[in-house]
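# An overview of the molecular structure
Residue-level listing of the chains:
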Amino acid sequence: MAPPSPQPPLVRVLDRIRVSPPPADSEQEPALPLTFFDVAWLFTGPVERLFFFRHPEPASTLPLLRSSLSLALRRFYPLAGTIRPHAPFLCSYTHGTDALTMVVAESNSPDDFDSLVARSPSDLDGIRPLVPQLPPPGEDGAFALAAVQATVFPGRGLCLGVSVHHAACDDASTMHFVRTWAATCRLGLENDDGSEDAVLSPRPVLDRSVVADPDDLRGKTLAGMARLAPPPSPPPQQQEEKTPMVMASFLLGREQIDRIKEGAAAKASSFVAASALAWVCLLKCGSVGVAGARRSHMLFSAECRSRLTPPLPAEYFGNCLRPCFVEAATADLLSGETEDGVAAAASAIGSAIQEMEQGVLEGAEGWLGRVLSVLPERPMSVGGSPRHGVYETTDFGWGRPARVEMVSVEKTPGTVALADSPEGDGGIELGVVLPPDAMDAFASCFAHAVGANV
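These figures come from a predicted structure and were not determined experimentally.

## Some thoughts on the sheet that holds strand β5 (residues 90-92)
On the basis of which strands lie adjacent, the open sheet formed by 4 strands has the order β2-β5-β4-β8 and antiparallel pairing. Of all strands in the sheet, those bounded by a partner on one side alone are β2 (31-33) and β8 (143-144). As defined by bridge partners, strand β4 (residues 82-83) adjoins β8 across 2 bridges and the pair is classed as antiparallel. Of the residues in β8, the one forming a bridge with Thr-82 is Ala-144.

As structure tokens, this is what we get:
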């Protein structure tokens, strides 16, 4: 019997374009030093997000996407550069040498667009080809910081993928870049001579000296990374069969959020309410936590720009996050009705935030060790934030995105992506990646909890 014919690729790459910012009128900083907030992310990877837009002639958008990307990079030129993961740990960009890779692709199944923008579960194998991959590192270990991919679905729409390495900047800075790119494209700008400042997002603050480090937290973090980093995994003896994974999103309305906040003992935000519901549902479907464990754990990154003394500008470009650790009795999260567990989870998260705010850099030299100690407990973690406005602020000229997905959450099991609601009603969208059976269980728990809070 003849072997089966290979399946055609889901997308066909049409071009790979190196996009550089136009030459700057003023001298650019040749290199940006990595701060203690940055170096902790050196050996992680990119945050990957997909923006889906409906458009009858998506190929017509490509020239403007390219030209506006170049113009946006004039403000965010470090994203066209590289980082060398060794001393002196610099983010550098050289005009004429470095560039950001933009992949142009076409879907071989344009009719799949409608299913991809639906909130129902989508096979992750059909989503991964839409995600831009960073170029391989150079011989000296230098790695690129960002890549984009525009995939056209003829007659249906466009998927715009953005991948940014976490060592370059956090999600707040990444979305600042995307907002600037979107506005430049939407307005059809042809130059950035300063006259457009009134219609674009404020310029990024690239000065890394605004991050004070009198206690050498950078040196201590690097030393801790060298001491605590696990050894590389041995190569697998045989090819393991991967568990099929699906991605789906769920909407939590404003009214449901308010009811969860009312049930929490501590003051709760919308972020707390959505995270609490996700934590309990992931526990109930067995996707986080350890069977029989008395305590359950959650991790998330807290924004520090406004919490530092003195505070950093909101437009500061780089990483400015710290880990926040939450712990609760498993019995409190799982016993009784789902809404009781959600209230207990919200109270635990809110209390952890209040404790963190008493000293935002308290114990910073031990953050890495504490994170590594919690990982065996299979904690839930959170990516993204509804504050970034991924739906509200990313109109490239074709209206709001039909769907936005943070695909990189698949790399960390138990991670939930949070975003503003596509309905613009003050709600929150939750995105999860799970095996199909676990997704069914999560969806059932979510529907029960939302129904109970109507």
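## Quick notes on the packing of aromatic side chains
For the structure shown, the criterion picks out 15 aromatic pairs. For the ring pair Phe-53 and Trp-398, a centre distance of 5.2 Å and an interplane angle of 80 degrees mean the geometry is edge-to-face. Taken as a pair, Phe-53 in strand β3 (residues 46-54) and Trp-398 in the loop between β14 (380-384) and β15 (403-406) lie far apart in primary sequence, 345 residues in all. We note that Phe-53, like Trp-398, is buried. In textbook terms, an aromatic cluster arises when at least three aromatic residues are bridged by ring pairs, as seen for Phe-53, Phe-76, Phe-177, Trp-181, Phe-317, Phe-396 and Trp-398. Seen from the ring of Phe-325, Arg-370 lies directly overhead, with NZ or CZ sitting 4.0 Å from the centre.

## A few points about the packing of helix α6 (residues 254-263) against helix α7 (residues 270-284)
One can describe the packing of α6 onto α7 by two numbers: an axis separation of 9 Å at closest approach and a directional angle of 90 degrees. One way to sum up the angle between α6 and α7 is to call them roughly perpendicular. Packed against α6, whose contacting residues are Arg-254, Ile-257, Ile-260 and Lys-261, the element α7 presents Ser-270, Ala-273 and Leu-277 at the interface.

## With respect to empty space enclosed by the protein
Inspection of the entire model under this criterion finds 1 cavity of 30 Å³ or more. One number sums up the size of the largest cavity: a volume of about 120 Å³. In terms of lining residues, the largest cavity is bounded by 17 residues, among which Val-404, Met-406, Ala-417, Leu-418 and Ala-419 are the most central. Among the elements of the structure, β14, β15, β16 (415-420) and β17 (428-434) are those that each provide at least two residues to the lining of the largest cavity. Among the residues forming the lining of the largest cavity, the class breakdown is 7 nonpolar, 6 polar and 4 charged.

## A closer look at the domain arrangement of the chain
As far as domains go, the chain holds domain 1 (11-212) and domain 2 (246-389 + 410-450). Listed by partner, the interface residues are 39 residues for domain 1 and 29 residues for domain 2. In this assembly, domain 1 packs against domain 2 so that about 2700 Å² is buried in total across both faces, 60% of it on carbon and sulfur atoms. Among the residues of domain 1 in contact with domain 2, Phe-37, Arg-119 and Val-205 are the three that bury the most area, contributing 27% of the side total. Here domain 1 and domain 2 share 5 salt bridges between them. Among the ionic pairs, Lys-411 bridges to Glu-48, the shortest N-O distance being 2.9 Å. For the pair domain 1 and domain 2, the interface holds 19 residue pairs in polar contact (both at pLDDT 80 or more). For the side of domain 1 that touches domain 2, the secondary structure elements donating two or more residues are α1 (36-39), β3, β7 (122-123) and α4 (171-187). No other element matches the 6 residues that α4 contributes to the side of domain 1 that touches domain 2.

## Quick word on the sheet that holds strand β9 (residues 146-153)
Read across the sheet, 6 strands follow the order β1-β6-β9-β10-β3-β15 without closing on themselves; strand pairing throughout is mixed. Of all strands in the sheet, those with a lone pairing partner are β1 (11-19) and β15, marking the two edges. Strand-to-strand twist across the sheet, computed as the mean angle between neighbouring axes with direction ignored, equals 15 degrees. Sheet topology places β9 next to strand β10 (residues 157-165); 8 bridges connect them, and they run antiparallel. By the bridge assignment, Ala-150 is partnered in β10 with Leu-160. Against the sheet, α4 contacts β3, β9, β10 and β15, and its axis sits at roughly 35 degrees relative to β3.

Criteria and thresholds
Residues numbered from 1 in each chain as written. Predicted model: local features only at pLDDT ≥ 70, side-chain atom pairs only at ≥ 80, totals over all residues. Heavy atoms only, no water. Pairing = 2+ DSSP bridges. Helix = DSSP H or I, 4+ residues; strand = E, 2+ residues; numbered from the N terminus. Phe/Tyr/Trp six-rings, centres within 6.5 Å; stacked < 30°, edge-to-face > 60°. Buried < 20%, exposed > 50% of the residue type's maximum accessible area, 1.4 Å probe, protein only. Lys NZ or Arg CZ within 6 Å of the ring centre and 35° of its normal. Axes fitted to C-alpha atoms, helices over the stretch in contact; angles between N-to-C directions. Parallel < 35°, antiparallel > 145°, perpendicular 65-115°, else oblique. Contact = heavy atoms within 4.5 Å. 1 Å grid on protein atoms, 1.4 Å probe; cavity = no way out; pocket = protein on both sides within 12 Å on 5 of 7 lines; lining within 4 Å. Points joined across faces, edges and corners; volume = space filled by probe spheres on them. Nonpolar A, V, L, I, M, F, W, Y, C, P; charged D, E, K, R; others polar. Domains from an automatic or database assignment. Buried area = accessible area lost by both parts, 1.4 Å probe. Salt bridge = Lys/Arg side-chain N within 4 Å of Asp/Glu carboxyl O. Polar contact = N/O pair within 3.5 Å; in protein donor to acceptor, adjacent residues only side chain to side chain.

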